[in-house]
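If you want the building blocks of each chain, they are given just below.
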Amino acid sequence: MKSKSSDNLQDLQYFGEYGGINPSISDSSTYTFLSAKKMFDTFEGNTEGCYLYSRHSSPSNLYLGEALAALEGTETANVTASGMGAITAVILQLCNANEHIVSSRTIYGGTYAFLKNFLKKFNIGTSFVDITDLEAVEKAITPKTKMIYCESVSNPLLEVADIKALSTLAKKHGLPLVVDNTFSPLSITPAKLGADIVIHSLTKFINGSSDCVAGVVCGSKEFCLALKDVNNGAGMLLGSTLDSLRAASILKNMRTIHIRVKKHSENAQYLAENFEKDGLRIVYPGLKSHKGHQKLKRFMNHEFGYGGLLTMDVGTLEKANALMELMQERKLGYLAVSLGFYKTLFSAPGTSTSSEIPLEEQKEMGLTDGLVRFSIGLDNDIHRTYTLMRECLVALDILKSNSAMV
Ligand code: PLP
């Protein structure tokens, strides 16, 4: 029967080595062969199902990769030791020296720094564009361009990329569209909308327990095998390999992702609507006032909502810092970067996760000093959270007690 769901996670079923309902964890860096010839063939990539060395692949990493391919609806997936491990491997696999990339200008600060600074070593240039302006994206493409890169919902401004339209554009120019879907697992399925490669920082919602760093590249068998190639694969040769024990624990955490994403979205939607009514400057893709709301509504998987991230502009960095400190003191969450945790996490991106972006560029893209990014937690009583957060906002004179923003 054809699944109505946006993903195939429900069909995953495992049998461990001894019939266990969790797959056994592969606790070896290397694997034996009964024949030297078979080892040689495996090295050459000709023996499917044989393991050679765990930097290349391991059973635990393959299990997790399989689950992530089911999540994103791609042929296969390679897991990596971090989100940046996935991003850098993909970029270096697709681009040679002296080539060019077109990227959204609002992306995670680490990715921005890699594209803007690190790739200078190879004379690979990046044009950073407003990804919601398709004309600007097309204009930036040159004969040297090798890929279009964006985040489905961008960090930290929560801009929504029109993946369908970008994919049509990419195909017209024979380019792969690479999408980082870290902010919107399950809510958006980029591969179904035409993305060629989908990346996640598993560190965030997918693992959901903020206890490790990991990443994934979801794509075609051809591309994922190329990443693992012993002679030319950026995954294999740069060596960003996830440890088997971590792969096994992420796989177990992943089993609740559908429930968690729904709750993160429900809570974020509640807070966004109420704070907007209070007169605060809120950006949340689930609000009608969001520039990308209608677009996202057309292509999202509705049952999962608009995601767990929202931003609030409180005017100045001083107010932002005071708010975050007070919220932490009142046990409303942690003043911490990252996202997808069961408690709410908050940070001021201009001075943390986006600090790699020069101030003038931050200004140009609308990243203001007073912006606070919230990754809304799984709080059971979100109305109580709203009331307590409101008390913090009133105590700091960001909000008047009768609701208007000061
Ligand atoms: N992509 C996005 C959207 C992120 O927010 C981050 C980290 O914050 C990354 C990628 C990098 O992931 P990692 O920290 O797992 O390397």
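Residues numbered from 1 in each chain as written. Predicted model: local features only at pLDDT ≥ 70, side-chain atom pairs only at ≥ 80, totals over all residues. Heavy atoms only, no water.

Undergrad: Any chance you could explain the packing of aromatic side chains here in plain terms?
TA: For any pair of aromatic rings, the description rests on two quantities: the centre-to-centre distance and the angle between the ring planes. What the rule picks out here adds up to nine aromatic pairs. Between the aromatic rings of Tyr 112 and Phe 128, the centroid separation amounts to 4.7 Å while the plane-to-plane angle is 35°, which identifies the pairing as tilted. With Tyr 112 in helix 4 (residues 109-116) and Phe 128 in strand 3 (residues 125-129), this residue pair connects regions lying 16 residues apart in the sequence. Pairing Tyr 270 with Tyr 386 gives two aromatic rings, centres 6.4 Å apart and planes at 80°, and the pair type is edge-to-face. One end of the pair, Tyr 270, is in helix 10 (residues 257-277); the other, Tyr 386, is in helix 14 (residues 382-395), with 116 residues separating them in the sequence. In this structure Tyr 270 comes out as partly exposed when scored by relative accessible area, which is 27%. The aromatic ring of Tyr 108 is capped on one face by Lys 204, whose charged end is 6.0 Å from the ring centroid. (Phe/Tyr/Trp six-rings, centres within 6.5 Å; stacked < 30°, edge-to-face > 60°. Helix = DSSP H or I, 4+ residues; strand = E, 2+ residues; numbered from the N terminus. Buried < 20%, exposed > 50% of the residue type's maximum accessible area, 1.4 Å probe, protein only. Lys NZ or Arg CZ within 6 Å of the ring centre and 35° of its normal.)

Undergrad: Whenever I open this one, helix 6 (residues 163-172) confuses me. Can you help?
TA: Three- or four-residue spacings in an α-helix give side chains the same orientation, since the helix completes a turn every 3.6 residues. The complete set of buried residues in helix 6 reads Ile 163, Leu 166, Ser 167, Leu 169 and Ala 170. Down the axis of helix 6, the smallest arc covering the buried residues is 160°, so these residues share one side. Opposite its buried face, helix 6 presents the exposed residues Thr 168, Lys 171 and Lys 172, each directed more than 90 degrees away. Its buried side turned inward, helix 6 meets helix 5 (134-140), strand 4 (145-151), strand 5 (177-180) and helix 11 (293-299). Remark: Gly 174 follows helix 6 within two positions and exhibits a positive phi of approximately 65°. (Arc of directions from axis to C-beta. Contact = heavy atoms within 4.5 Å.)

Undergrad: Would you mind going over the sheet that holds strand 10 (residues 334-335) with me for this structure?
TA: One key point about sheets: their strands pair by backbone hydrogen bonds, in either a parallel or an antiparallel sense. Taken in spatial order, the five strands of this open sheet run 8-9-12-11-10, and their pairing is mixed. Every other strand in the sheet has two partners, leaving strand 8 (281-283) and strand 10 as the edge strands with one partner each. Of the strand pairs in this sheet, strand 10 and strand 11 (residues 345-347) are connected by two bridges, and their pairing is parallel. Across the sheet, Leu 335 pairs through a bridge with Phe 346, a residue of strand 11. Of the strands in this sheet, strand 8 and strand 9 (309-313) touch helix 10, which is tilted by about 20° from strand 9. (Pairing = 2+ DSSP bridges. Axes fitted to C-alpha atoms, helices over the stretch in contact; angles between N-to-C directions.)

Undergrad: How should I be thinking about the site of the ligand in this particular structure?
TA: Met 84, Asp 180, Ser 201, Thr 203 and Lys 204 are the nearest of the 15 residues found near the ligand. Residue Ser 201 places a side-chain N or O atom 2.8 Å away from an oxygen atom belonging to the ligand. For the ligand, whose unbound accessible area comes to 390 Å², protein coverage reaches 91%. Partitioning the shell around the ligand into residue classes produces six nonpolar, six polar and three charged. (Near = heavy atom within 4 Å. Polar contact = N/O pair within 3.5 Å; in protein donor to acceptor, adjacent residues only side chain to side chain. Areas by Shrake-Rupley, 256 points an atom, 1.4 Å probe, with all protein chains shown as cover. Nonpolar A, V, L, I, M, F, W, Y, C, P; charged D, E, K, R; others polar.)

Undergrad: Looking at this model, I keep getting lost on empty space enclosed by the protein. Mind explaining?
TA: Rolled over the atoms, a probe as big as a water molecule pinpoints where empty space is left. One pass over the structure, following the stated rule, counts three cavities of 30 Å³ or more. Of the pockets and cavities examined, the largest cavity occupies roughly 220 Å³. Those elements that place two or more of their residues in the lining of the largest cavity are helix 2 (59-72), strand 1 (76-80) and helix 8 (234-238). Split by residue class, the lining of the largest cavity holds eight nonpolar, 10 polar and two charged. The calculated volume of the second largest cavity comes to roughly 80 Å³. Val 153, Phe 183, Ser 184, Tyr 306 and Gly 307 are, among the 14 residues lining the second largest cavity, the residues nearest its centre. Along the lines of polarity and charge, the residues of the lining of the second largest cavity split into nine nonpolar, five polar and no charged. Among the domains, domain 1 (5-254) and domain 2 (257-395) are the pair contributing at least three residues each to the lining of the second largest cavity. (1 Å grid on protein atoms, 1.4 Å probe; cavity = no way out; pocket = protein on both sides within 12 Å on 5 of 7 lines; lining within 4 Å. Points joined across faces, edges and corners; volume = space filled by probe spheres on them. Domains from an automatic or database assignment.)

Undergrad: I keep staring at the nonpolar core and nothing clicks. Help me out?
TA: Burial of nonpolar side chains together is a common tendency in soluble globular proteins. Within the largest apolar cluster, 85 residues are counted, with the highest numbers of intra-cluster contacts made by Leu 64, Leu 68, Leu 177, Phe 275, Met 312, Leu 323 and Phe 374. Excluding its chain neighbours within four sequence positions, the residues that come into contact with Leu 323 are Met 312, Val 314, Phe 374, Cys 392, Leu 393, Leu 396 and Ile 398. If you look at the next biggest cluster of nonpolar residues, it comprises 28 residues, including Ile 107, Phe 114, Ile 124 and Met 147. (Core = buried A, V, L, I, M, F, W, Y, C linked by side-chain atoms within 4.5 Å.)

Undergrad: Hey, could you run me through the state of the cysteines in this one?
TA: Disulfides are covalent bonds that link the sulfur atoms of two cysteine residues. Enumeration according to the criterion identifies zero disulfides in this entry. Note on Cys 212: no disulfide assigned, nearest cysteine sulfur contributed by Cys 218 at a separation of 16 Å. According to the relative accessible area criterion, Cys 212 is buried, its value standing at 10%. (Disulfide = S-S within 2.5 Å.)

Undergrad: Hey, could you run me through unusual backbone geometry in this one?
TA: The general pattern is negative phi for most residues beyond glycine and trans for most peptide bonds. With an omega of 0°, the peptide bond running from Asn 155 to Pro 156 counts as cis. In the Ramachandran plot, Asp 397 falls in the positive-phi region, its phi being about 65° despite a non-glycine side chain.

Undergrad: What is the right way to look at the packing of helix 3 (residues 83-94) against helix 4 in this model?
TA: Packed helix pairs are specified by the crossing angle of their axes together with the interaxial distance, meaning the distance between the axes. At a minimum axis distance of 11 Å, the contact between helix 3 and helix 4 shows a crossing angle of 30°. By the angle between their directions, the pair helix 3 and helix 4 is classed as roughly parallel. Every pair of crossing elements has a handedness; the one defined by helix 3 and helix 4 is right-handed. Contacts between helix 3 and helix 4 involve Met 84, Ile 87, Thr 88, Ile 91 and Leu 92 from the former and Gly 110, Thr 111, Phe 114 and Leu 115 from the latter. (Parallel < 35°, antiparallel > 145°, perpendicular 65-115°, else oblique. Left-handed = near helix turned anticlockwise from the far one by under 90°.)

Undergrad: Help me understand the pattern of salt bridges in this model?
TA: Oppositely charged side chains are able to pair whenever their charged atoms sit close together. Following the criterion strictly, the structure yields eight salt bridges and no others. We note a salt bridge from Arg 246 to Asp 211, for which the minimum N-O separation is 3.8 Å. On the criterion of sequence distance, the pair formed by Arg 246 in helix 9 (residues 244-254) and Asp 211 in the loop between strand 6 (197-201) and strand 7 (215-219) is long-range, its members being 35 residues apart. The exposure class of Arg 246 is partly exposed, given its relative accessible area of 31%. Judged by its relative accessible area of 37%, Asp 211 is partly exposed. (Salt bridge = Lys/Arg side-chain N within 4 Å of Asp/Glu carboxyl O.)

By themselves, these figures tell us nothing about what the structure is for.
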